[in-house]
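Here's the letter readout for the chains.
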Amino acid sequence: MHITSLSASPSERSRSAWLTQFALTRLEGRGTQQDHILVRDLPAAALLNADVQDRAIAAAVQAVEQADLVVIGTPIYKAAYSGLLKVFLDLLPPDALRGKLVLPLATGGSPAHFLALDYALKPVLSALGARHVLDGVFATDAQLRRHEAGGFVPEPDLIARLDRALAPLTSGSPRMPTRLEPALSC
């Protein structure tokens, strides 16, 4: 299975990037290929000008198109996902997420932002064809405390929610399902 992760935080030391990477470690041994896209490292001018011919942008878009599972990590600012994520998602073709599993992950300063996954991000994912969206996982700053040696320490409840969201991919079979077939429309 091809797994592509999108980390859409503008910050280098980011809780959402850490949570995205942590989710990937929970899937260790499940993916045959992994691509990790740090949206902040893509060329800014190409992103803002929607230059899909740019080599780095084209490679990132292709990684999403070829993925079976797309893991999307974003911080929540003012009840919405990051602008970096929006700029990148706008570059994807209309059905870029059709037939794929999508795992949305988000972090925010307080529980007041947790509905942003359902009311801000999921509609955009749906517009991109996503029909197989796993349970989103939202973490507050208090649930991901900074560790003195670097990184973060997740609360047990956060680990349990992430494992529940990943359960369809990890339980029962030694391999994840192959590419999902798009739903037929009547």
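Residues numbered from 1 in each chain as written. Predicted model: local features only at pLDDT ≥ 70, side-chain atom pairs only at ≥ 80, totals over all residues. Heavy atoms only, no water.

1. Some thoughts on the confidence of the model for the protein chain
Point 1. Taken residue by residue, the protein chain gives an average pLDDT of 90. The fraction at 70 or more is 92%.
Point 2. Here residues 173–178 is modelled with pLDDT under 50, and outside its nearest four sequence neighbours on either side it reaches 12 contacts, counting other chains as well. (pLDDT = per-residue confidence, 0-100. Contact = heavy atoms within 4.5 Å.)

2. Quick word on the pattern of salt bridges
Point 1. Counting across every chain of the model gives 7 salt bridges.
Point 2. When the shortest N-O distance is used, the salt bridge between Asp 141 and Arg 15 registers 3.7 Å. In this pair, Asp 141 is assigned in the loop between β7 (137–140) and β8 (144–146) and Arg 15 in helix α1 (residues 15–26), connecting sequence segments 126 residues apart.
Point 3. The salt bridge involving Glu 155 is made with Arg 145; its shortest N-O contact spans 3.5 Å. (Salt bridge = Lys/Arg side-chain N within 4 Å of Asp/Glu carboxyl O. Helix = DSSP H or I, 4+ residues; strand = E, 2+ residues; numbered from the N terminus.)

3. Some thoughts on the pairing of β7
Point 1. Burial of the side chains of β7 extends over both faces: Val 137 and Ala 139 are buried on one face and Phe 138 and Thr 140 on the other.
Point 2. Relative to β7, strand β5 (residues 101–108) is paired through 4 bridges, and the arrangement is parallel. Each bridged residue has a counterpart across the sheet, and for Thr 107 the counterpart in β7 is Ala 139. (Buried < 20%, exposed > 50% of the residue type's maximum accessible area, 1.4 Å probe, protein only. Pairing = 2+ DSSP bridges.)

4. Focus on the packing of aromatic side chains
Point 1. Within this structure, the stated rule accounts for 2 aromatic pairs.
Point 2. Residues Trp 18 and Phe 22 carry aromatic rings whose centres are separated by 5.0 Å and whose planes lie at 15 degrees to one another, so their mutual orientation is stacked. With Trp 18 and Phe 22 both in helix α1, this residue pair falls 4 residues apart, about one helical turn.
Point 3. On the accessibility criterion, Trp 18 (22% relative accessible area) is partly exposed.
Point 4. Exposure remark for Phe 22: the relative accessible area of 15% places this residue in the buried category.
Point 5. An angle of 70 degrees between the planes, with centres 6.3 Å apart, marks the rings of Trp 18 and Phe 152 as edge-to-face. Residue Trp 18 is found in helix α1, and its partner Phe 152 is found in strand β9 (residues 152–154); the two are separated by 134 residues along the sequence.
Point 6. For Phe 152, a relative accessible area of 7% corresponds to the buried category.
Point 7. Feature note: the residues Trp 18, Phe 22 and Phe 152 constitute an aromatic cluster, connected by ring pairs.
Point 8. Above the plane of the ring of Phe 152 lies Arg 13, whose end atom (NZ or CZ) is 5.8 Å from the centre. (Phe/Tyr/Trp six-rings, centres within 6.5 Å; stacked < 30°, edge-to-face > 60°. Lys NZ or Arg CZ within 6 Å of the ring centre and 35° of its normal.)

5. Looking at a nonpolar patch on the surface
Point 1. Together, Phe 114, Leu 115 and Tyr 119 make up an exposed nonpolar region whose accessible area comes to about 360 Å².
Point 2. Mapped onto the elements of the fold, Tyr 119 is located in helix α5 (residues 116–127).
Point 3. The exposure class assigned to Tyr 119 is exposed, which follows from its relative accessible area of 66%. (Patch = residues over 30% accessible without salt bridge, like charges linked within 9 Å, V, L, I, M, F, W, Y side chains within 5 Å. Areas by Shrake-Rupley, 256 points an atom, 1.4 Å probe, with all protein chains shown as cover.)

6. Looking at α5
Since one α-helical turn is 3.6 residues long, residues separated by three or four positions face the same way.
Point 1. Under the 1.5 Å per step criterion, the end-to-end length of α5 is 16 Å for 12 residues, consistent within 8% with the ideal 16 Å.
Point 2. Of all the positions in α5, only Ala 116, Leu 117, Ala 120, Leu 121, Val 124 and Leu 125 are classed as buried. The arc enclosing the buried residues of α5, seen along the axis, measures out at 115 degrees, which places them on a common side. Seen from the open side of α5, the exposed residues pointing more than 90 degrees away from its buried face are Tyr 119 and Ala 127.
Point 3. For α5, the secondary structure elements touched by its buried residues are β3 (69–77), β4 (80–81), α4 (83–89), β5 and β7.
Point 4. Looking at the residues trailing α5, positive phi occurs at Gly 129, about 95 degrees. (Expected span 1.5 Å × (residues − 1). Arc of directions from axis to C-beta.)

7. Section: the layout of surface pockets
Point 1. Approximately 160 Å³ is the volume found for the largest pocket.
Point 2. Looking at the largest pocket, it is lined by 14 residues, and the ones nearest its centre are Arg 15, Pro 75, Tyr 77, Thr 107 and Asp 141.
Point 3. For the lining of the largest pocket, the leading source of residues is β3, giving 3 residues.
Point 4. Of the residues contributing to the lining of the largest pocket, the split by class is 3 nonpolar, 7 polar and 4 charged. (1 Å grid on protein atoms, 1.4 Å probe; cavity = no way out; pocket = protein on both sides within 12 Å on 5 of 7 lines; lining within 4 Å. Points joined across faces, edges and corners; volume = space filled by probe spheres on them. Nonpolar A, V, L, I, M, F, W, Y, C, P; charged D, E, K, R; others polar.)

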